[in-house]
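# Inside the fold
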Amino acid sequence: MKLSSIILKIAKKMDGQRSLNASLHVLRGKRSGQTLQDIDYFSVKPYFSLLPKLADATFAEAVQSLRHSGLIKESEGIVTVTEKGKRTEEELRVFHFDGWNYRGREEVFFLRLVLLVQTLSQLRDSQNSFHPITNDRKIQQFVKEVLRSLYDSRQNNAQYLADELLLALEMTGISDLQASILCHRLTGVNASGWTWEQLEEATSEPVASLQLEYLEALHRLIAVSESEKLAEKLPILHKLARGIRIETPLTDSTSITKKLFDQGVSIEEIASTRQLKVNTIEDHISEIAANDRDFPILQFVNQEDQLAVEMEVKNNDVKRLRLLKDKFPHLTYFQIRLILTKMKGEYV
Amino acid sequence: MDLHHELKVRFGYDEFRPGQEGVIRSILQRNDTLAILPTGMGKSLCYQLPGEMQDGLVLIVSPLVSLMEDQVASIRKRGEKQVAAVNSFLSSEQRKYIFDEIHKLKFLFISPEMISRSDMTNFLMRVPISILVVDEAHCISQWGFDFRPDYLRLGEFIRLAGNPPVLALTATADARVEADIIHYLHMSNPNVIRQSLDRPNLTYTVQQLETEADKTTWLKERLRMTKGPGIIYVASRKRAEELTHALQQEGIRIASYHAGKEAGDRNIIQQQFLSGELSWICATNAFGMGVHKDDIRQVIHDQMPASAAAYVQEAGRAGRDGKQSSAVLLYVTDDEQKVRFIVQKDLPDEPQVHHFAAMRSSGQSIESSAELAGISETGSRVVQYYLESLTLEDVYKTFTKLKYDKEEKLRQMIAYVHEKTCLRGQLLSYFDETSQTKPNMCCSVCGTVNDEWLISTESLGNRRRLLQWEERIRLLLC
Ligand SMILES: Nc1ncnc2c1ncn2[C@@H]1O[C@H](COP(=O)(O)OP(=O)(O)O)[C@@H](O)[C@H]1O
Ligand SMILES: [Mg+2]
Ligand SMILES: [Zn+2]
């Protein structure tokens, strides 16, 4: 799986409306009002925060390859997908990421799984003392709890976990290669996990591509594991998936703003009590609006302006903020963003 | 008191290693004690055993989070659960948990910057401390190879905590460092227990070569012919990657290890090395501390370290099991300049200090001042510390002295590679020791190196084969 394919998918969704940076922000999971609104508006939530540490150079390289093969074009900072690009995009397989709901927490799930597999593998070998694969105390404590609860009910848990993994991986619908990558990152007695380079050598796939395959596979494994319907069939994995999904979509700082906002404190007042810029608070409010169907938008824009902007978007298919701002100079960017947020779900 | 009995019952060991018993007796009599024991000889036991035998908390100051975690894990592993670590990475909730449970705890590890925070000091002052342990105590001395200014604040804490018995532990301390430790930790009439650094089962070799490329060629040949497990120490991440790649091409089971690697991969590599799936690690000096592998047969340095103390420490990771092992240092003439550059780079010069001070007084943070002045992160901590306690003039002087000192240390290494007398004797002399033993296979200068015992009979590794995923799961769990 190539990074450029993912970028192409995002670009297609934002076709002619956003810059390349907007895609980069999505992939890195930038928590600005603009990005949070974009992911909703263009339905690219699955890609949000997929690669928090994505380097500029890596991104640029992938973009360059898209440009070079004539799949995308850029003018005045806006990306459009060419006809060839559209065809290529349609031929790509469907990706099953769920970045928005896991946002890096998938690694926590995997570390729990790695440590549990290692522990059960060692115990099966009657080795009670070994060097744990992670020193993270939180993970260790969590796995210890899980082990305790398992041994309360039965022995031979290694076999049970093996059965669950075999079943769960089958149900995820991931490819054999993906399942194999996941399984070779696990560690046991005389079978340490493999490094990315070792996997690269064995599969002849570049590390970056393997890591994307792994990420998608992991998202799908967690989805299966956390499903309530399957909890009886996959009791151990279900336990491991506890608390992985991000429950509060709002950032910490936004939650504080929300509390004040709900009490009726104005944006300016919130900014001055919290010693933050008005801009920042406006970003928070956009985030709140994006997550709340009943957001009282009338506090910020009147009905008339709202309708006018909506008409413009629907009739002329303009979603670019700057173009809208030119058209409605009396509105602020913040107000326009709120209207677009509100429209999501009704349009596209 | 039957200490042997305690040792057997609590730790399952039959014998003390050299030096341990003396240290433990001294600390049990509540004497301030400085123990200088070579790496891997079991310094941790020197506080763990008396800690278990006495009431009160054993507070251990440790410089690196990774070292702390490692010690905590090994204490837990033997069944002692009343152990925790506080460092700046803990969440406030985790920290609160430790505070609430403090009276149940037996061992608490703490970083030097945490212990000197006033809330921490105030809290710990009320806890009965049975032993205050300062691990890697050479960090307190600016003459040590790993100076950490935060250690200098420990003296104040010790005074406030009512002068509990202090146990300072280090692997290397020459006379100057020893004096600094005693002075800054306010140790009174300390017992100094020093175990010879000599490792009779190590053979020392200096291998002079013409060019960098020759080093790679030499290593290829060496690793093809001789056995591991072994470590190759290199000076940079880049070299680690390149060399690893070249050696893999030869079919050698080797991986690189440095701070730039993903955490998951680092753990996996350690695991593979411990289990024998990898024979070699090619690492920067980020690898080694906290790695317990007793049967390492070879440590090869691709580049000389900055001081004899660092060399003794790193080479000393070979042969912990007491069996014959080899320490090789490769050398080409250019190395001197390269290492000098690396060593001096961390020490700011006069204009940099001046710039830093000016930025600080204009209200910039330490980080951005350091960045603007082009000072490294370690460097900035040291400058900041001196600026707080000395005049600008004296700071310049101090840095000039430090530069000079680092150069001196480097000279020791340079002298070592050109040495015409016994390498073992030479290394020991840097620590004011003379060698007591003359092993059969001493060193390349004595001309008694014989590598026949090192010849490998194993065949080289085959390409690793990926299993079907179902097969892999069964291998792991069934
Ligand atoms: N008396 C002993 N007998 C056998 N093994 C010991 C003894 N004392 C310590 N060890 C082991 O030696 C290893 C190194 O101990 P450690 O305290 O980490 O060394 P140091 O801090 O001196 O480098 C540990 O695995 C420890 O369990
Ligand atoms: Mg130690
Ligand atoms: Zn000799």
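## As for the interface of chain A and chain B
Listed by partner, the interface residues are 45 residues for chain A and 35 residues for chain B. Roughly 3,700 Å² of surface becomes buried between chain A and chain B when both sides are summed, with 54% attributable to carbon and sulfur atoms. At the junction of chain A and chain B, the tally comes to 3 salt bridges. B:Lys261 is the salt-bridge partner of A:Glu197, the closest N and O atoms lying 3.5 Å from each other. The interface formed by chain A and chain B includes 20 residue pairs in polar contact (both at pLDDT 80 or more). Looking at the side of chain A that touches chain B, the elements that each hand over two or more residues are helix H7 (106-124), helix H8 (137-153), helix H9 (157-172), helix H10 (176-184) and helix H11 (196-203) of chain A. Top element by residues in the side of chain A that touches chain B is H9(A). It accounts for 8 residues. Along the lines of polarity and charge, the residues of the side of chain A that touches chain B split into 18 nonpolar, 18 polar and 9 charged.

## Observations regarding the side chain of B:Lys409
Summarising the element assignment, B:Lys409 is placed in helix H18 (residues 392-417). For B:Lys409, the residues in contact, after removing those within four places along its chain, are B:Trp143, B:Ala306, B:Ser307 and B:Ala308.

## Re the site of ligand 1
Residue and element names in this part refer to chain B. Around ligand 1, the structure places 13 residues, and the nearest of them are Tyr13, Glu15, Gly40, Lys43 and Ser44. One of the backbone N or O atoms of Glu15 is found 2.9 Å from a nitrogen atom in ligand 1. Contact distances for ligand 1 include 2.7 Å between an oxygen atom and a side-chain N or O atom of Ser44. When the free accessible area of ligand 1 is taken as 580 Å², the share hidden by the protein chains comes to 77%. Taken together, the residues that form the shell around ligand 1 break down as 4 nonpolar, 6 polar and 3 charged.

## Digging into the sheet that holds strand S3 (residues 83-86) of chain B
Residue and element names in this part refer to chain B. A sheet is described by the order of its strands in space; here 7 strands give the open sequence S3-S4-S2-S5-S6-S1-S7, paired in parallel fashion. Whereas interior strands pair on both sides, the edge strands pair on one side only; in this sheet they are S3 and strand S7 (191-194). The mean angle between the axes of side-by-side strands here comes to 15°, regardless of whether they run parallel or antiparallel. In the packing of helix H3 (residues 45-53) onto the sheet, contacts are made with strand S2 (57-61), strand S4 (107-110), strand S5 (129-134) and strand S6 (166-170), and the angle to S4 comes to roughly 140°.

## Some remarks on the sheet that holds strand S9 (residues 230-233) of chain B
All names here are of chain B. Reading across the sheet, the 6 strands line up as S8-S13-S12-S9-S11-S10 and stay open at both edges, with parallel pairing between neighbours. A strand with exactly one partner marks an edge of an open sheet, and here the two such strands are strand S8 (202-208) and strand S10 (254-257). Each neighbouring strand pair of the sheet contributes to a mean axis angle of 15°, computed without reference to strand direction. The pairing of strand S12 (residues 298-301) with strand S13 (residues 325-331) spans 4 bridges and is classified as parallel. Bridging from a neighbouring strand, Val299 pairs with Ala327 of S13. Against the sheet, helix H10 (residues 212-225) makes contact with S8, S9, S10, strand S11 (280-283), S12 and S13, and its axis sits at roughly 160° relative to S13, the strand it touches most. Packed on one face of the sheet, helix H13 (residues 308-315) meets S8, S9, S12 and S13 and runs near 145° to S12.

## A word on the domain arrangement of chain A
For chain A, the assigned domains read domain 1 (3-94), domain 2 (106-240) and domain 3 (252-343). Once you take the C-alpha centre of each, domain 2 of chain A and domain 3 of chain A turn out to be 43 Å apart.

## Here's the deal with the coordination of the zinc ion (ligand 3)
Residue and element names in this part refer to chain B. Around the zinc ion (ligand 3), the donor atoms from the protein are Cys422 (SG), Cys442 (SG), Cys443 (SG) and Cys446 (SG), and they sit 2.2 to 2.4 Å away. Each of the 4 donor atoms around the zinc ion (ligand 3) contributes to a set of angles spanning 98 to 120°, which defines the coordination as tetrahedral. Counting along the primary sequence, the residues that act as donors to the zinc ion (ligand 3) give the motif C-x19-C-C-x2-C. Under the relative-accessibility criterion, Cys446 is labelled partly exposed at 30%.

## Digging into H10(B)
Along an α-helix, residues three or four apart share an orientation, since each turn contains 3.6 residues. All names here are of chain B. Here H10 is 14 residues long and its end C-alpha atoms lie 20 Å apart, about the 20 Å a rise of 1.5 Å per residue gives. For H10, the set of buried residues is Lys215, Thr216, Trp218, Leu219, Arg222 and Leu223. Projection of H10 onto a plane perpendicular to its axis shows the buried side chains occupying an angular sector of 165°, all on one side.

## Focus: the packing of aromatic side chains
Residues and elements named next belong to chain B. Per the counting criterion, the structure on display carries 19 aromatic pairs over all chains. Note on Phe273 and Phe287: the rings are 6.0 Å apart at their centroids and 70° apart in plane angle, and the pair reads as edge-to-face. Pair noted here: Phe273 is in helix H12 (residues 263-275) and Phe287 is in the loop between S11 and S12, with a separation of 14 residues, a long-range link. According to the relative accessible area criterion, Phe273 is buried, its value standing at 0%. You can call Phe287 buried: its relative accessible area is 1%.

Criteria and cut-off values
- All chains use their own residue numbering, which begins from 1 and follows the written sequence.
- Chains carry letters and ligands carry numbers; both start at the beginning, A for chains and 1 for ligands, and go up in the order they are written.
- Restriction of local features to residues with pLDDT of at least 70 applies here, the model being predicted, together with a cutoff of 80 or more for giving and counting side-chain atom pairs; totals for whole chains, interfaces and linings are based on all residues.
- For side-chain calculations, the full set of non-hydrogen atoms in the structure is used, while hydrogens and water are omitted.
- By definition, residues are in contact when any of their heavy atoms lie within 4.5 Å.
- A simple way to read buried area is as the amount of 1.4 Å-probe accessible surface that goes missing from two parts once joined, with both sides added.
- By definition here, a salt bridge exists when the distance from a side-chain nitrogen of Lys or Arg to a carboxyl oxygen of Asp or Glu is within 4 Å.
- Whenever a nitrogen or oxygen atom comes within 3.5 Å of another N or O atom, the pair is scored as a polar contact, on the condition that within protein one atom can donate a hydrogen and the other can accept it, and that pairs from neighbouring residues in sequence are kept only if both atoms are in side chains.
- The secondary structure listing takes helices from DSSP runs of H or I that are at least 4 residues long and strands from runs of E that are at least 2 residues long, numbered from the N terminus.
- Classes in brief: Ala, Val, Leu, Ile, Met, Phe, Trp, Tyr, Cys and Pro nonpolar; Asp, Glu, Lys and Arg charged; the others, Gly included, polar.
- Nearness of a residue to a molecule or strand requires only that one of the residue's heavy atoms be within 4 Å of it.
- Shrake-Rupley sampling with a 1.4 Å probe provides the accessible areas, and residues are treated as covered by the protein chains on show and by no other component.
- Two strands qualify as a pair provided DSSP detects at least 2 bridges between them.
- In this description, a line fitted to the C-alpha atoms serves as the axis of each element, helices being fitted only across the stretch in contact, and the angle between N-to-C directions of two axes falls anywhere from 0 to 180 degrees.
- For the domains described, the bounds stem from an automatic or database domain assignment.
- Here the term donor refers to an N, O or S atom within 2.8 Å of the metal (or 3.2 Å for Na, K and Ca), and because water is left out of the atoms, sites may appear incomplete.
- A four-donor site is called tetrahedral if each angle lies between 85 and 135 degrees; a four-donor site is square planar, and a six-donor site octahedral, when trans pairs exceed 155 degrees and the remaining angles lie between 65 and 115; all other cases are labelled irregular.
- Accessibility here uses a 1.4 Å probe with only protein chains present; expressed as a share of the type maximum, an area under 20% marks a residue as buried, one over 50% as exposed, and anything in between as partly exposed.
- Multiplying 1.5 Å by the residue count of a helix minus one yields the expected span of that helix.
- Relevant arc is that of directions from the helix axis to the C-beta atoms, nothing else.
- Between 30 and 60 degrees the pair is tilted, below 30 it is stacked and above 60 it is edge-to-face, where a pair is any two Phe, Tyr or Trp rings, Trp via its six-membered ring, whose centres lie within 6.5 Å.

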